[in-house]
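Inside the fold
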There are 2 protein chains.
Amino acid sequence: MYSQINKNISRYVALDPEELEIFNSLLEYKSVPKKTILLHEGEMCNFEAFVIKGCVRKYYIDANGFEVILQFAIENAWVSDISFSIYEDKPSRVYIETLEDCEFFMFSPDTKEELFAKAPKFERAFRILMQRNLAVTQERLFNTISKTATEKYLEFLEHYPTLSQRVAQHYIASYLGISAEFLSKIRTKMAKL
Amino acid sequence: MYSQINKNISRYVALDPEELEIFNSLLEYKSVPKKTILLHEGEMCNFEAFVIKGCVRKYYIDANGFEVILQFAIENAWVSDISFSIYEDKPSRVYIETLEDCEFFMFSPDTKEELFAKAPKFERAFRILMQRNLAVTQERLFNTISKTATEKYLEFLEHYPTLSQRVAQHYIASYLGISAEFLSKIRTKMAKL
DNA sequence: TTCATTTCTTGTCCTAGTTCAATGCATGCG
DNA sequence: CGCATGCATTGAACTAGGACAAGAAATGAA
């Protein structure tokens, strides 16, 4: 049960057995049914979740009432509204919702501090995690600005091959920043070639 | 000369005089004339720069040969291609260029490691810096997806009031992800109201 | 198995923003 | 000073993608 997350965190920093021990002892396991909202807009996000199993989406609702999906997180991914909530003490503007029955390991800000105090090496691991997060977000910005809808969809299929089977199409459209109807049209056009 | 950067870094973590001493001793001052490219696409970005004075832009060139500006950095901002280059060991896809005569404090990856070794508290400071960077990028993504060109421009003016005086309009258009012509049209329309 | 709800498709019309000129305006440089 | 290069503006024609509507297909609960 711990092997996934241990493998994940070990990618960023070399850990000895005692450190992993400390890490595992602080993890909080949580099982959540599908369609559960883990974080509502306006709340403080007080967790960072590692997905053991299942799929979640992180989204906000824009000025016109449209849902815009910022991130899908599946097995071995982390999800949180880190950037705003935890450190800036601002309420979150996003929702985090399970799309399938999920299992998580959760970190609260307090247990994270405890971890850093007991094993400072993790400060570095979480910094690198943050950096990867930034890299992914930058890549997404890059795609959003510079690619056509079709290119974005192809890139999505390549990057997340399993996801297109797991989540409803209109969620993918929302992630790509295009209308569900237009995605449908892109798909029929692609099928004809 | 050190007061700006000391003030900046102290926002994220409480530092005692010895720690600031160490920090300052590792800073490398650099003065660069305008229109200098600090980082070319394909190079490894081996610095994080704090802008003491001046203005730089970070941009990439998309598949159709268009420049897209990702970031402007002015006084008291940090600029780098952190996310990809330094830790992932991938060559950068972006350019960083001075738009005015500039003064910087530079950090190389090595001096950063030296800093972390001598004063571990900075690991945290740089993690938080990274988080803010992520927050800003996420905000930008949010705006890019959900706002009209006019809204983006207004938001830009509000957020970076001085920049619109300092940089050419077509750079702002490129930052907003719209054509220079269309920005001009937005401005004339706004002026008529 | 049936009915209801959600999801996907398809067509038509519409608009925000682009592309491509052409023209006037700065401004830096010999 | 004059000239060249880059910058901003304006207009006309075009297009990617959106909004709306209505039907088909899939999913799911009782």
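Check the entry above for the structure.
This one's a predicted model, so the numbers in the text were calculated from it and none came from an experiment.

1. Points about the overall build of chain A
Within chain A, the secondary structure is distributed over nine helices and eight strands. Against the compact-globule benchmark of 16 Å for 193 residues, chain A has a radius of gyration of 18 Å, which places it among compact chains. Buried positions account for 35% of the 193 residues belonging to chain A. A fraction of 72% describes how many contacts in chain A between residues 6 or more apart in sequence connect residues 24 or more apart.

2. Regarding the protein's contact with DNA strand D
Close to DNA strand D lie 16 residues; T148 and F182 of chain A together with Q169, S184 and T188 of chain B are nearest. Secondary-structure elements contributing two or more residues to the surface near DNA strand D are α6 (149-159) and α9 (180-192) of chain A together with α8 (169-176) and α9 (180-192) of chain B. The dominant element in the surface near DNA strand D, judged by the number of residues it contributes, is α9 of chain B, at six residues. Broken down by class, the residue content of the surface near DNA strand D amounts to five nonpolar, seven polar and four charged.

3. Quick look at the protein's contact with DNA strand C
Every one of the 16 residues lining DNA strand C counts as a neighbour, but Q169, S184 and T188 of chain A together with S179 and F182 of chain B are closest to it. Of all the elements in the fold, those that place two or more residues in the surface near DNA strand C are α8 (169-176) and α9 of chain A together with α6 (149-159) and α9 of chain B. Here the element with the most residues in the surface near DNA strand C is α9 of chain A; it accounts for six residues. A breakdown of the residues in the surface near DNA strand C according to their chemical character gives five nonpolar, seven polar and four charged.

4. As for the sheet that holds strand β5 (residues 67-73) of chain A
Residue and element names in this part refer to chain A. Across the sheet, four strands lie side by side as β2-β7-β4-β5; this open sheet has antiparallel pairing. A strand with exactly one partner marks an edge of an open sheet, and here the two such strands are β2 (37-39) and β5. Taken over all neighbouring pairs, the strand axes of this sheet differ in orientation by 30° on average, direction set aside. Where strand β4 (residues 56-61) lies against β5, six bridges are found, and the strand directions are antiparallel. Bridge pairing in β5 links Y60 to V68.

5. Section: the pairing of strand β8 (residues 102-107) of chain A
All names here are of chain A. Here strand β1 (residues 28-32) pairs with β8 via five bridges, running antiparallel. Bridge pairing links V32 to C102 in β8. When strand β3 (residues 48-53) meets β8, the two strands line up antiparallel, connected through five bridges. Bridge pairing in β8 links A49 to M106.

6. Overview of unusual backbone geometry
With a phi close to 60°, K35 of chain A is a non-glycine residue in the positive phi region. Mapped onto the elements, K35 of chain A comes out in the loop between β1 and β2.

7. Focus: the relation of the copies chain A and chain B
Relative to chain B, chain A is turned by 180° and slid 0.0 Å along the rotation axis, the superposed coordinates differing by an RMSD of 0.0 Å. As the rotation angle and translation indicate, the two copies are arranged about a two-fold axis. The share of interface residues of chain A whose copies in chain B are also at the interface is 100%, consistent with both copies meeting through the same surface.

8. What about α8 of chain A?
It helps to recall that an α-helix has 3.6 residues per turn; residues three or four apart then point in one direction. Residues and elements named next belong to chain A. Within the sequence span of α8, burial applies to I172, A173, S174, Y175 and L176. Buried residues along α8 sit in contact with β5, α6, α7 (163-166) and α9. Phi turns positive, to about 80°, at G177, one or two residues after α8.

9. Some points on the nonpolar core
Grouped together as the largest cluster of nonpolar side chains are 83 residues, with contacts concentrated most on V51 of chain A together with V51 of chain B. If we skip the residues at most four places from it in the chain, V51 of chain A touches V56, A73, I74, E75, N76, A77, V79, C102 and F104 of chain A.

10. What to know about the interface of chain A and chain B
Contacts between chain A and chain B engage 29 residues on the former and 29 residues on the latter. Mapped onto the side of chain A that touches chain B, the elements with two or more residues apiece are α3 (85-88) and α5 (121-146) of chain A. At 18 residues, the largest contribution of residues to the side of chain A that touches chain B is made by α5 of chain A. Its residues placed into classes, the side of chain A that touches chain B shows 15 nonpolar, eight polar and six charged.

11. Brief notes about the sheet that holds strand β8 (residues 102-107) of chain B
All names here are of chain B. A sheet is described by the order of its strands in space; here four strands give the open sequence β1-β8-β3-β6, paired in antiparallel fashion. With one partner strand each, in any of the chains shown, β1 (28-32) and β6 (78-79) form the two edges of the open sheet. Relative to β6, strand β3 (residues 48-53) is paired through two bridges, and the arrangement is antiparallel. Note on β6: the bridge partner recorded for F50 is W78.

12. Thoughts on the environment of K112 of chain B
Residues and elements named next belong to chain B. Residue position: K112 is located in helix α4 (residues 109-118). Given 17 C-beta atoms within 10 Å, K112 falls into the partly exposed group. Sequence separation between K112 and K34 is 78 residues, and the spatial gap between their C-alpha atoms is 26 Å.

Rules of the game
- The written sequence of each chain sets the order in which its residues are numbered from 1.
- Chains and ligands are labelled by the order in which they are written, letters from A for the one and numbers from 1 for the other.
- Only residues with pLDDT of 70 or above have their local features reported here, since the model is predicted, and side-chain atom pairs are shown and tallied only from 80 upward, although totals for entire chains, interfaces and linings are computed over all residues.
- Under the scheme used here, helices are H or I runs from DSSP no shorter than 4 residues and strands are E runs no shorter than 2 residues, and both carry numbers assigned from the N terminus.
- The quantity called the radius of gyration is restricted to C-alpha atoms. Its globule counterpart is 2.2 Å times the number of residues to the power 0.38.
- Counting other C-beta atoms within 10 Å of a residue's C-beta gives its exposure: the residue is buried at 20 or more, exposed at 12 or fewer, and partly exposed in between, where C-beta atoms are placed from the backbone.
- Two residues qualify as a contact pair if the distance between their C-beta atoms, derived from the backbone, is within 7 Å.
- Using a C-beta atom placed from the backbone, a residue is described as near a molecule or strand when that atom lies within 6 Å of it.
- Note on residue categories: nonpolar means Ala, Val, Leu, Ile, Met, Phe, Trp, Tyr, Cys or Pro, charged means Asp, Glu, Lys or Arg, and polar means any other residue, Gly included.
- Here, any two strands with at least 2 DSSP bridges between them count as paired.
- To define axes, lines are fitted to C-alpha atoms, for helices over the stretch in contact only, and angles between the resulting N-to-C directions are given on a 0 to 180 degree scale.
- Only residues with pLDDT of at least 70 in both copies contribute their C-alpha atoms to the least-squares superposition of the copies.
- A set of buried Ala, Val, Leu, Ile, Met, Phe, Trp, Tyr and Cys residues, joined to one another through C-beta atoms within 7 Å, is what we call a nonpolar core.

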